[in-house]
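Given next are the chains, with one letter for each unit.
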Amino acid sequence: MKHNLDHPLRPQLHFTPPANWLNDPNGMVYYDGEYHLFYQYHPDSSVWGPMHWGHAISRDLVHWEHYPIALYPDHNGMIFSGSAVVDWHDTSGFFDGGAGLVAIYTQTEMIPNSDLSKQRQSIAYSKDKGRTWIPYDGNPVLADERYPDFRDPKVLWHKPSQSWIMVLAAGDRLFLYRSPDLKAWTFASEFGSAEGSHDGVWECPDLFELPLEDGASASKWVMIVSIGDNPNCPEGSRTQYFIGEFDGWAFSNDNPADRVLWLDHGRDNYAGVTWSDAPGVESERLFIGWMNNWKYANQIPTEGWRGAMTLTRKLTLRQEEQGPRLVQQVVEAYEGLRLPGSVWIDKRVDSQHLQLDEAEDGLIQLEVEFELGTASEFGIRLSSGSSWTSVGYDAAEEELFIDRTHSGLLDFHVEFGCKHAAPLAAKDHRIKLQLWLDRSSLEVFAGDGGLVMTDQIFPIEGKKGISLYADGGDVVLRSLRIYPLQSIYTSQTTGAAG
Ligand code: FRU
């Protein structure tokens, strides 16, 4: 089923549902050459509603094939977010001694005569490589009715203690559980009620170990936590992470409790988690987030589909001055979408905008390096008809920003049309950026992936252009490469995984 793929706002690089509403990525697991992506799906409407798990499979993390809905609401309730693992040694007993896939997810049902819901964890298994799923007849496997918010289980295998670990969001904290068989869960510890940002309810955690990029033997544990929208925060829903240690029972934060590390400084990357069992998982994690924000997710001006994922990214850990930090890059397989590009080298940019290529289809990858000059601000402007969005650098404030105040359709939510910034220091007087424009989204990776900004935009139709600008002086363009990109609907799967 393919609908409306040619709509001028329809993403051509990013995963979108065949039709209707999508939110969080769920159950991401790699098995037998296939990357599975499940997702929060309302198949009957383009606004949030009774949740199912939609399903897609990819071999290269770029091209996706839609599969039938994997999990439907049942007598235990709707199917909320969760994860999936390969049960290699049949600890669950579902697979007659072989291996198979187990999904672990939240089921939510309303408590009769109240507006409260109860949230409990269930499991389902697949004996046919994820094509069909059988809910376990002992569901739910974990309940604790003291907590109204009790959801989004992420499960991992902890080798040293030969145990399954579940991290679960419970309002303003995380609970960790252990299990030998994915069915019986024992409480192990809690984390976070006094750590990091509490601007919103905690949701969609993830926990994994990564070595430091420098090749040293040291590794650290990363805990990702999404935090829900708060009407008083213009940022809306967003994602933070912690760096620390995990001993199989408890996670401890290496940083002071009030230090907040944001995974993405843009407005549209939420509920992202990483793939289980992917090749190379010991040195990098594959990540996808929901490219939206609860502040306006139900109102974004798309037709036929509503919601997309971020590009698939690789997460690694780099030692920075202040300690280890996550670094993000899109997976290499996207480079297979490049068409022949154009290159500019050593050009002075000043108040005369430097007009570059036309971006006919609104699908481009751009790599740019500026050397600071006298300009107080400079950047790249992407225009479409009378609308434009800029990605710029404020030299005095040492901040990278996205300005979507003129990006096109804005009036679906008062807080959408904003300019927002994040700290970015120049390295050797240079600012290096990589941009991915996909019609209605923009992903900016700065400083080799140490800073990321993901934003949706809804441009007005019209002639598309790319220009460079500088205000209050000049800046030197050291290099610029622009590649038009092919749509994932017209290009071929490259086969190799990123
Ligand atoms: C996060 C979230 C999860 C929940 C799901 C429901 O976006 O609120 O906490 O499981 O969405 O669709």
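Everything numeric here is computed off the predicted structure, so don't read it as measured data. (Residues numbered from 1 in each chain as written. Predicted model: local features only at pLDDT ≥ 70, side-chain atom pairs only at ≥ 80, totals over all residues. Heavy atoms only, no water.)

Caption draft 1: How the structure looks around the sheet that holds strand 34 (residues 475-484). Pairing within the open sheet is antiparallel, and its six strands lie in the order 23-34-25-30-31-32. In this open sheet, the two strands that pair with only one neighbour each are strand 23 (342-349) and strand 32 (451-456). Shown here is a sheet whose adjacent strand axes are inclined to one another by a mean of 15 degrees, direction ignored. Judged from the nine bridges that link them, strand 25 (residues 363-371) and strand 30 (residues 430-438) form a sheet pairing that is antiparallel. Bridge pairing links Phe 370 to Ile 431 in strand 30. (Pairing = 2+ DSSP bridges. Helix = DSSP H or I, 4+ residues; strand = E, 2+ residues; numbered from the N terminus. Axes fitted to C-alpha atoms, helices over the stretch in contact; angles between N-to-C directions.)

Caption draft 2: Just the environment of Leu 116, in detail. By the element assignment, Leu 116 lies in the loop between strand 6 (100-110) and strand 7 (117-126). Here the alpha-carbon distance between Leu 116 and Pro 148, two residues 32 residues apart in the chain, equals 7.5 Å. Setting aside chain neighbours within four positions, we find Leu 116 in contact with Glu 109, Met 110 and Ile 111. (Contact = heavy atoms within 4.5 Å.)

Caption draft 3: Fine view of the nonpolar core. By size, the foremost hydrophobic cluster in this structure holds 39 residues, and its most contacted members are Phe 15, Leu 37, Trp 64, Trp 275, Tyr 334 and Trp 436. Looking at this core, the elements with two or more residues in it are strand 1 (20-31), strand 2 (34-42), strand 18 (270-274) and strand 19 (285-290). In this structure Phe 15 touches Leu 22, Leu 37, Tyr 39, Ala 56, Trp 64, His 66, Ala 308 and Met 309, once residues within four positions along its chain are discounted. Core analysis: the second largest hydrophobic core is formed by 34 residues, Leu 356, Ile 364, Ala 446 and Met 453 among them. (Core = buried A, V, L, I, M, F, W, Y, C linked by side-chain atoms within 4.5 Å. Buried < 20%, exposed > 50% of the residue type's maximum accessible area, 1.4 Å probe, protein only.)

Caption draft 4: Highlighting the packing of aromatic side chains. Tallied over the entire structure, the rule returns 38 aromatic pairs. When the centroid spacing of 6.1 Å and the interplanar angle of 15 degrees are considered together, the rings of Tyr 147 and Phe 150 count as stacked. The class of Phe 150 is buried, set by a relative accessible area of 0%. One aromatic cluster is present, formed by Phe 15, Tyr 30, Tyr 35, Tyr 39, Tyr 41, Trp 64 and Trp 275 through successive ring pairs. The ring centre of Tyr 469 lies 5.5 Å from the NZ or CZ of Arg 381, which sits over that ring. The residue whose ring lies beneath Arg 404 is Phe 416, and the NZ or CZ to ring-centre distance is 3.7 Å. (Phe/Tyr/Trp six-rings, centres within 6.5 Å; stacked < 30°, edge-to-face > 60°. Lys NZ or Arg CZ within 6 Å of the ring centre and 35° of its normal.)

Caption draft 5: Local environment of the domain arrangement of the protein chain. The domains assigned to the protein chain are domain 1 (20-332) and domain 2 (339-484). Of note, the centres of domain 1 and domain 2, computed from C-alpha atoms alone, are 31 Å apart. For the pairing of domain 1 and domain 2, the buried interface totals around 2,200 Å² over both sides, and the portion due to carbon and sulfur atoms is 56%. For the pair domain 1 and domain 2, the number of links is three salt bridges. Notably, a salt bridge pairs Arg 404 with Asp 268, separated by 3.0 Å at the nearest N-O pair. (Domains from an automatic or database assignment. Buried area = accessible area lost by both parts, 1.4 Å probe. Salt bridge = Lys/Arg side-chain N within 4 Å of Asp/Glu carboxyl O.)

Caption draft 6: Main features of the side chain of Ser 467. Inspection of the secondary structure puts Ser 467 in strand 33 (residues 464-471). Classification of Ser 467 by relative accessible area gives buried; the value is 6%. Beyond its immediate stretch of four places on either side in the chain, Ser 467 contacts His 353, Leu 354, Gln 355, Leu 356, Gly 379, Ile 380 and Arg 381.

Caption draft 7: Quick look at the environment of Pro 17. Take Pro 17: it is sitting in the segment before strand 1. As a C-alpha pair, Pro 17 and His 55 span 38 residues in sequence and 8.9 Å in three-dimensional space. The residues touching Pro 17, leaving out its near neighbours within four places in the chain, are Arg 10, Leu 22, Tyr 39, Tyr 41, His 66, Trp 305 and Gly 307.

Caption draft 8: Summary view of the site of the ligand. Close to the ligand lie Asn 23, Asp 24, Gln 40, Trp 48, Met 51, Phe 80, Ser 81, Arg 151, Asp 152, Glu 203, Tyr 270 and Trp 294, which account for all nearby residues. Here an oxygen atom of the ligand and a side-chain polar atom of Glu 203 are 2.9 Å apart. A distance of 2.8 Å is found between an oxygen atom of the ligand and a side-chain nitrogen or oxygen belonging to Trp 294. Counting only elements with at least two residues in the shell around the ligand, the list comes to strand 1, strand 5 (78-87) and strand 9 (151-158). Of the residues that constitute the shell around the ligand, the class distribution is five nonpolar, three polar and four charged. (Near = heavy atom within 4 Å. Polar contact = N/O pair within 3.5 Å; in protein donor to acceptor, adjacent residues only side chain to side chain. Nonpolar A, V, L, I, M, F, W, Y, C, P; charged D, E, K, R; others polar.)

Caption draft 9: Layout of the pairing of strand 22 (residues 323-330). Of all the eight residues making up strand 22, seven are buried; the element is thus mostly covered by neighbouring parts of the structure. Two elements, strand 21 (residues 313-320) and strand 22, share eight bridges in a ladder whose sense is antiparallel. By the bridge assignment for strand 22, Arg 318 is matched with Arg 325. Turn length for the strand 21-strand 22 hairpin, with the two strands adjacent in sequence and antiparallel, is two residues.

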